[in-house]
Amino acid sequence: MRIILGILSGLLGALAGWSALAALVVMLAGPDRDGGIAMGAFFDIGPIGGVVGLIAGVWLFVRFGLVRNTAPAPAGEIPDAAPPGATRLSFPFAVTVLLVVAGLGYWGWYELIRSPNLSHGFMTLQVEFRLPPGMTLPDKEEDVHIEVEEASGYANAMLPPNWRAHDGDRKAIISTVPLMYKTRHRAVSLTLPDVPTQRWSIDLPSDPDPTPGFSPWRTGSEPSPAKIEMHFRLSADR
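Every chain's residues receive numbers from 1 upward, in the order its sequence appears when written. Only residues with pLDDT of at least 70 get local features here, since the model is predicted, and only at 80 or more are side-chain atom pairs given and counted; chain-wide, interface and lining totals rely on the full set of residues. Side-chain numbers here rest on the full set of heavy atoms in the structure, without hydrogens or water.

Undergrad: Describe the overall build of the protein, and please don't skip the residues or the numbers.
TA: The way it works is that DSSP assigns letters per residue, a run of H or I at least four long becomes a helix, a run of E at least two long becomes a strand, and they are numbered from the N terminus. Per the secondary structure count, the protein includes three helices and 11 strands. When the helices and strands of the protein are listed from N to C terminus, the series reads α-α-β-β-α-β-β-β-β-β-β-β-β-β. Counting across all 238 residues of the protein, residues that qualify as buried make up 34%. Any two residues whose heavy atoms approach within 4.5 Å at even a single point are treated as in contact. Look at the contacts in the protein between residues 6 or more apart in sequence, and 65% of them connect residues 24 or more apart. A simple rule labels every residue: compare its accessible area, found with a 1.4 Å probe on the protein chains alone, to the largest value its type can have, and call it buried under 20%, exposed over 50%, or partly exposed in between.

Undergrad: I'd like a description of the packing of aromatic side chains, backed by residues and values.
TA: For any pair of aromatic rings, the description consists of the separation of the ring centres together with the inter-plane angle of the planes. Side-chain rings of Phe, Tyr and Trp (the six-membered ring for Trp) are treated as a pair once their centres are within 6.5 Å; stacked means planes under 30 degrees apart, edge-to-face means over 60, and tilted covers the remaining angles. Under the criterion given, the structure shown has six aromatic pairs. Here Phe 42 and Phe 43 contribute two aromatic rings whose centre-to-centre distance is 4.9 Å and whose plane-to-plane angle is 85 degrees, an arrangement assigned as edge-to-face. Taking relative accessible area as the criterion, Phe 43 reaches 52% and is therefore assigned exposed. With centroids separated by 5.7 Å and ring planes inclined at 35 degrees, the aromatic side chains of Tyr 106 and Trp 109 adopt a geometry described as tilted. Remark: Trp 109 and Tyr 106 occur in helix H3 (residues 91-114); sequence separation between them is three residues, near one turn of the helix. Overall, the relative accessible area of 39% leaves Trp 109 in the partly exposed class. Taken together, the aromatic side chains of Trp 18, Phe 42 and Phe 43 make up a single cluster linked through ring pairs. We call a charge positioned over a ring when the NZ of a Lys or the CZ of an Arg lies within 6 Å of the ring centre and within 35 degrees of the ring normal. For Arg 63, the ring lying beneath its charged end belongs to Phe 64, and the centroid distance is 4.9 Å. The lysine or arginine in question, Arg 233, covers the ring of Phe 214, its NZ or CZ lying 4.4 Å from the ring centre.

Undergrad: Could you give an account of the environment of Ile 202, with specific residues and numbers?
TA: Tracing the sequence through the fold places Ile 202 in the loop between strand E9 (195-201) and strand E10 (218-219). Sequence spacing of Ile 202 and Phe 232 is 30 residues, and the spatial spacing of their C-alpha atoms is 8.0 Å. Residues within four places of Ile 202 in sequence aside, it is in contact with Leu 125, Arg 186, Ala 187, Val 188, Met 230 and Phe 232.

Undergrad: Lay out the side chain of Glu 149 in plain terms, naming residues and giving numbers.
TA: You can see Glu 149 is positioned in strand E4 (residues 145-150). Any N or O atom pair separated by 3.5 Å or less is treated as a polar contact, with the protein-specific requirement of one donor-capable and one acceptor-capable atom, and with residues adjacent in sequence counted only for side-chain atom pairs. Within the local environment of Glu 149, its side chain forms a polar contact with the side chain of His 185, the two groups lying 2.7 Å apart. For Glu 149, the residues in contact, after removing those within four places along its chain, are Tyr 154, His 185, Arg 186, Ala 187 and Arg 199.

Undergrad: I'd love a proper account of the side chain of Glu 128, names of residues and values included.
TA: If you trace the backbone, Glu 128 turns up in strand E3 (residues 123-130). Exposure remark for Glu 128: the relative accessible area of 10% places this residue in the buried category. Of note is the side chain of Glu 128, whose polar atom sits 2.6 Å from the side chain of Arg 130. Among all residues touching Glu 128, those that are not within four sequence positions of it are Ala 172, Ile 173, Ile 174, Trp 217, Glu 229, Met 230 and His 231.

Undergrad: Could you give me a rundown of the sheet that holds E9, with the residues and numbers involved?
TA: Read from one edge to the other, the open sheet built from four strands follows the order E5-E4-E8-E9, with strand pairing classed as antiparallel. The two strands at the open ends of the sheet, each matched to only one other strand, are strand E5 (153-156) and E9. Along the sheet, successive strands turn relative to each other by an average axial angle of 20 degrees, direction set aside. At least two bridges found by DSSP between two strands are what make those strands a pair. Summarising the sheet, strand E8 (residues 186-192) and E9 pair through five bridges and their orientation is antiparallel. For Val 188, the partnering residue across the bridge sits in E9 and is Trp 200. Simply put, an axis is a line fit to the C-alpha atoms, just over the touching stretch for a helix, and the angle between two N-to-C directions goes from 0 to 180 degrees.

Next comes the structure, spelled out in structure tokens:
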């Protein structure tokens, strides 16, 4: 166990030193459009920080991970008990190292194996807002603000050239936005001049399957207080 914790402590130190030095170089270098500075910082300069971090991690394990037993042996102690001055593992240090390793392992599994991105690639969500009878459409595209919430991120929907539409005597707005992440939490909001922001949930599987072309239109949650209806449909980008 001591050897395992010592190796883990050294590897965590190397990872921290490598990442910290590379991030510091990128931060000091400023904006980098082509990514050359970031690549050089990670692969050329980062290893220096990794070596320093490895040494620091091993030193921390020896300094804080091993606790010297200085208590005198009690009377009647069995002969093969640990003598005074022997070292033992520090429980707080061991728990901290194992928790950090477990957290990094879960992050690696989530990002590289499970992946937060949709299994079938990006998908296109088309949204239609049907205004109540008598409500007119805004004159300018800039007056229409549509935001799609996906997991913990937000994206502004794009208005196509033919974003103005109608359904009988009801005006409508059509927009599209790409979906990227596996999540059950999706919502769309619409903000128009002189109309409070309206919000609807989007009922889709966390990892929807691709469809040939657009799927049929589906109705969103209950109509908004402004009597605006939201409809949506989905299509794979490929």
